[in-house]
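Each chain, letter by letter, is given below.
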Protein chains: 2
Amino acid sequence: MEKPATIIDIAKALNISPSTVSRALNNHPSISSQTKEQVNELANKLNYHPNLTARNLLKKKSGIIGVVVPEITSYFFSTVITGIQDVVSSVGYKLIISQTNENFDEEKKLIHEMAQMRVEGLLVSPSFNTQGFEHLEDARKAGIPVVLFDRDIPGFESSKVFVDVYDGAYQAVKYLIEAGCQRIAHIAGPEHIPTFQERMSAYQNALKDYNRELYPELIIKSTGFSAEDGVEACEHLLSQSFDALFCVNDAVAIGAMHVLREKGYKIPEDISVIGYDDEPYSCYFSPGLTTIWQPVYDMGMLSSKILLDTITKEKQTIRKEILKPELVLRQSSVPLN
Amino acid sequence: MEKPATIIDIAKALNISPSTVSRALNNHPSISSQTKEQVNELANKLNYHPNLTARNLLKKKSGIIGVVVPEITSYFFSTVITGIQDVVSSVGYKLIISQTNENFDEEKKLIHEMAQMRVEGLLVSPSFNTQGFEHLEDARKAGIPVVLFDRDIPGFESSKVFVDVYDGAYQAVKYLIEAGCQRIAHIAGPEHIPTFQERMSAYQNALKDYNRELYPELIIKSTGFSAEDGVEACEHLLSQSFDALFCVNDAVAIGAMHVLREKGYKIPEDISVIGYDDEPYSCYFSPGLTTIWQPVYDMGMLSSKILLDTITKEKQTIRKEILKPELVLRQSSVPLN
């Protein structure tokens, strides 16, 4: 491969000093327009890529926002990113995205590297294994504002945008109670994931608040949260009697409905099913899946708006926003009387 | 916000020259270990972020691979990216990802910026509106190898990894013919998208090759390729008589099946349906959707392996790989006799 051209190559070729080349490339007023023209022409010809970081230090702008998320392949995070992209692109910023795969070390490295690239701001959803926030403080001390979204790091003082996960789960279970369901089962997600813990607490508290008995045998803690995990969990649950099923997410609900249909149960006549997320296909199942819609796109939009405000106003204002989810009624749950 | 510390701040504080600081930070042999220690200690304390690009020019490594894709929110591209990430992470590289939203200008800017960050290589799936390849040649001339995947730019000489889209569509239609279907309809995607054009050509050629009549009224050109577009297209199609439906992708097939079920058609007894993509939920519909599985994850893995080979061997070897899709039979299509 060819070596990239440097300022020194250009300087030698034009018989001028490297600092003259540098100032010419940065449009410095002390350099004649003739020299600037010569330098820029040769830079283009030699395919010289300016040292972005150095130039950014002069300009104090990189025009880049960094996004660090656990993963980008789920409907959830890809929709947040779409919201971010739409806001950020509209004001001419570029987005670079990296995924931590729920690995804290990876998260630290990625934040560090993005700081080195001098991103103008960071939008971060920390991994489940993130402990402490020194890595984010480091970025902030280097002048890079940080907005957290979806997941919190308690004690880290920054703008934060979350969805009220507890409220969504509570709405779902409250609906099933009010619709007259007596034995409401729950397929929970892996215990170490705070979002899923909140959904479980909301399920338990809704039952308590409405003076319903909590049947421990009706709670299945799944080891994952895919449709396949829903199939497995629901097969275990079939030894119990229940007339409603609140699933930790739509994927699990879709797997569970598959099992229930195969076993000849009628949804919702025999068993009502509610999911969580309102994924794009959830309305196309038969019956359509009742679920919780979350303002995920809005979360991306709002996080990036707050970040851009912080960048452009050059003062660190801290905002905490909690967005409300909504129950979307379809045919998989019995209607209210 | 605090200003980031510079080499000059560190030099002033320690009463040494900036070039000494720079050499100390880069572990230059001419600098005493005592000075190196002092400099590094203060750099940590002041939260100094080294100029990555300058340091990379010395080291000639950034450890970063750039990925530029039309979008990251579809199952297709997010799965390719997972394949890329798995390979690249395993050898300690970091990934930064950007989406063009099918905008050629955006693509040019993103490629340029990634080159400025001195990514060590680029994995690119060009936008539908990309014309020419000067932007990619520029990156390559700057010493950054490029591998194209999924979509081609004819004339651009680089390693390329594609899936044989035509073959997948041909397999689907051939199956329907061999299963005895007489009037096979097609919901096609938007005409300007080459991938969808190929699926349409395969549909037409399979009918020709098997001496079946082509009924123009059984082809609906949809303006989009979502489940909603499938609903709309299928409603138009209902005025025609047909016993099989090949859809441009799973999303469209899911929308179409929804309409057919609502109108009381039995799938596959009245109408066989085949999709394309094998999305994660396609097996959970009732009936499960027959579709074309594409080695999308493998495409990501292979593209990044080829790129890493080029980077580490420091010679530009050109490989062109075409991966084969497979027909996945489920219950939405009639069985072969």
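Cut-offs applied
- Residues numbered from 1 in each chain as written.
- Chains lettered and ligands numbered in written order.
- Predicted model: local features only at pLDDT ≥ 70, side-chain atom pairs only at ≥ 80, totals over all residues.
- Heavy atoms only, no water.
- Domains from an automatic or database assignment.
- Pairing = 2+ DSSP bridges.
- Helix = DSSP H or I, 4+ residues; strand = E, 2+ residues; numbered from the N terminus.
- Axes fitted to C-alpha atoms, helices over the stretch in contact; angles between N-to-C directions.
- Contact = heavy atoms within 4.5 Å.
- Parallel < 35°, antiparallel > 145°, perpendicular 65-115°, else oblique.
- Left-handed = near helix turned anticlockwise from the far one by under 90°.
- Nonpolar A, V, L, I, M, F, W, Y, C, P; charged D, E, K, R; others polar.
- Buried < 20%, exposed > 50% of the residue type's maximum accessible area, 1.4 Å probe, protein only.
- Phe/Tyr/Trp six-rings, centres within 6.5 Å; stacked < 30°, edge-to-face > 60°.
- Lys NZ or Arg CZ within 6 Å of the ring centre and 35° of its normal.
- Salt bridge = Lys/Arg side-chain N within 4 Å of Asp/Glu carboxyl O.
- Core = buried A, V, L, I, M, F, W, Y, C linked by side-chain atoms within 4.5 Å.
- Expected span 1.5 Å × (residues − 1).
- Polar contact = N/O pair within 3.5 Å; in protein donor to acceptor, adjacent residues only side chain to side chain.

A.B. asks: A description of the domain arrangement of chain A should follow, citing residues and the corresponding values.
C.D. replies: Domain assignment breaks chain A into domain 1 (7–50), domain 2 (62–163 + 296–323) and domain 3 (165–294). Distance from the C-alpha centre of domain 1 of chain A to the C-alpha centre of domain 3 of chain A: 65 Å.

A.B. asks: Let's hear about the sheet that holds strand E8 (residues 244–247) of chain A: which residues, and what values?
C.D. replies: Residues and elements named next belong to chain A. The parallel open sheet is built from four strands, whose spatial order is E7-E6-E8-E9. The sheet is open, and its two edges are formed by strand E7 (219–221) and strand E9 (272–274), each paired on a single side. Between one strand axis and the next, the sheet turns through 15° on average, direction left out of account. Sheet analysis places strand E6 (residues 184–188) next to E8, joined by four bridges and oriented parallel. Residue pairing across strands places His 186 opposite Phe 246, the latter belonging to E8. Strands E6, E8 and E9 of the sheet are contacted by helix H8 (residues 165–178), whose axis makes an angle of about 175° with E8. Those strands touched by helix H9 (residues 194–209) are E6, E7 and E8, and its axis lies near 165° from that of E6.

A.B. asks: Explain the packing of helix H1 (residues 7–14) of chain B against helix H3 (residues 33–45) of chain B to me, using residue names and the numbers behind them.
C.D. replies: All names here are of chain B. One way to put it is that H1 packs onto H3 with a least axis distance of 10 Å and a crossing angle of 125°. In terms of their interaxial angle, H1 and H3 are classed as oblique. Crossing of H1 over H3 shows right-handed handedness. Where H1 approaches H3, its residues Ile 10, Ala 13 and Leu 14 are matched on the opposing element by Gln 38, Val 39, Leu 42 and Ala 43. Among the residues making up the contact of H1 with H3, the classes are represented as six nonpolar, one polar and no charged.

A.B. asks: Please set out unusual backbone geometry residue by residue, giving values where relevant.
C.D. replies: Cis geometry is found at the peptide bond from Ile267(A) to Pro268(A), where omega equals 10°. With respect to the helices and strands, the residue Pro268(A) is situated in the loop between helix H11 (250–262) and E9. For the bond from Ser286(B) to Pro287(B), the omega torsion is 0°, close enough to zero to count as cis. Even without being glycine, Asn101(A) reaches a positive phi, approximately 50°. On the secondary structure map, Asn101(A) appears in the loop between strand E2 (94–99) and helix H6 (104–116). By relative accessible area, which is 43% here, Asn101(A) ends up partly exposed. Of note, Asp150(A) is a non-glycine position whose phi angle comes to about 65°, a positive value. Asp150(A) gets classed as buried once you look at its relative accessible area, which sits at 16%.

A.B. asks: Which residues make up the packing of aromatic side chains, and what values do they have?
C.D. replies: Following the criterion strictly, the structure yields eleven aromatic pairs over all chains and no others. Ring plane angle 25° and centroid distance 6.1 Å describe the contact between Tyr166(A) and Tyr170(A), whose orientation is recorded as stacked. You can see Tyr166(A) and its partner Tyr170(A) sitting in helix H8, four residues apart, about one turn around the helix. Judged by its relative accessible area of 27%, Tyr166(A) is partly exposed. The exposure class assigned to Tyr170(A) is buried, which follows from its relative accessible area of 18%. A network of ring pairs unites the aromatic residues Tyr281(A), Phe285(A), Tyr281(B) and Phe285(B) as a single cluster. Sitting over the ring of Phe128(A), Arg151(A) keeps its end group 3.5 Å from the ring centre. Taking NZ or CZ as reference, Arg199(B) lies 3.7 Å from the ring centre of Tyr276(B), over its face.

A.B. asks: I'd like to hear about the pattern of salt bridges, residue by residue, with values.
C.D. replies: Counted by the stated rule, this structure contains 26 salt bridges over all chains. Ionic pairing is found between Glu321(B) and Arg319(B), a salt bridge with its closest N-O pair at 3.0 Å. Overall, the relative accessible area of 24% leaves Glu321(B) in the partly exposed class. On the accessibility criterion, Arg319(B) (33% relative accessible area) is partly exposed. When salt bridges that share partners are traced, they join Glu102(A), Asp150(A) and Arg151(A) into one network.

A.B. asks: How would you summarise the packing of H8(A) against H9(A) if you had to cite specific residues and measurements?
C.D. replies: All names here are of chain A. For the pair H8 and H9, interaxial distance at closest approach is 8 Å and the crossing angle is 40°. Viewed along their axes, H8 and H9 form a crossing whose handedness is right-handed. Contact residues: H8 offers Val 165, Tyr 166, Ala 169, Tyr 170, Val 173, Lys 174 and Ile 177, while H9 offers Thr 195, Glu 198, Arg 199, Ser 201, Ala 202, Tyr 203, Asn 205, Ala 206, Leu 207 and Asp 209. Residue composition of the contact of H8 with H9, grouped by class: ten nonpolar, three polar and four charged.

A.B. asks: Tell me about the sheet that holds strand E8 (residues 244–247) of chain B, residues and numbers included.
C.D. replies: Residues and elements named next belong to chain B. Spatially, the four strands line up as an open sheet ordered E7-E6-E8-E9, and their pairing is parallel. Whereas interior strands pair on both sides, the edge strands pair on one side only; in this sheet they are strand E7 (219–221) and strand E9 (272–274). Across the sheet, the axes of successive neighbouring strands diverge by a mean angle of 15°, strand direction being ignored. Two strands pair when backbone bridges link them, and E8 and E9 are joined in this way by three bridges, in the parallel orientation. Opposite Leu 245, over in E9, you have Val 273 as the bridge partner.

A.B. asks: Talk me through the nonpolar core; I want residue IDs and the actual numbers.
C.D. replies: One finds Leu245(A) and Val273(A) to be the most contacted residues of the largest nonpolar core, which totals 108 residues. Ignoring sequence-local partners within four residues, the contact set of Val273(A) consists of Leu245(A), Cys247(A), Ala253(A), Met257(A), Leu260(A), Ile267(A), Leu289(A), Thr290(A), Ser332(A) and Ser333(A). Listed in part, the 54 residues of the second largest apolar core include Ile72(A), Ile84(A), Val87(B) and Leu302(B).

A.B. asks: Could you give me a rundown of H6(A), with the residues and numbers involved?
C.D. replies: Side chains three or four residues apart in an α-helix point the same way, a direct result of the helix having 3.6 residues per turn. Residue and element names in this part refer to chain A. The first and last C-alpha atoms of H6 sit 18 Å apart over 13 residues, in line with the 18 Å expected at 1.5 Å per residue. Burial in H6 covers these residues: Phe 104, Glu 106, Glu 107, Leu 110, Ile 111, Glu 113, Met 114, Ala 115 and Gln 116. Arg 118 sits one or two residues past H6 and shows a positive phi near 55°.

A.B. asks: Describe in detail the environment of Glu134(B), supporting the description with residues and values.
C.D. replies: Residue and element names in this part refer to chain B. With respect to the helices and strands, the residue Glu 134 is situated in helix H7 (residues 134–141). Judged by relative accessible area, which is 64%, Glu 134 ranks as exposed. With 26 residues separating them in the primary sequence, Glu 134 and Lys 108 have C-alpha atoms 8.9 Å apart.

A.B. asks: Lay out the pairing of strand E5 (residues 159–163) of chain B with the relevant residues and their values.
C.D. replies: All names here are of chain B. Summarising burial for E5: five of the five residues are buried, a large majority. Burial of the side chains of E5 extends over both faces: Ser 159, Val 161 and Val 163 are buried on one face and Lys 160 and Phe 162 on the other. Bridge count between E5 and strand E11 (residues 320–323): four bridges; the pairing is parallel. Counted as the bridge partner of Val 161 is Glu 321 from E11.

A.B. asks: Outline the side chain of Thr130(B), supporting the account with residue identities and numerical values.
C.D. replies: Residues and elements named next belong to chain B. Of note, Thr 130 is situated in the loop between strand E3 (121–124) and H7. Of the polar contacts made by the side chain of Thr 130, one reaches the side chain of Glu 107; its length is 2.8 Å. In terms of polar contacts, Thr 130 uses its side chain to reach the side chain of Ser 127, at 2.9 Å. If sequence neighbours within four positions are ignored, Thr 130 has contacts with Phe 104, Glu 107, His 135 and Ile 153.

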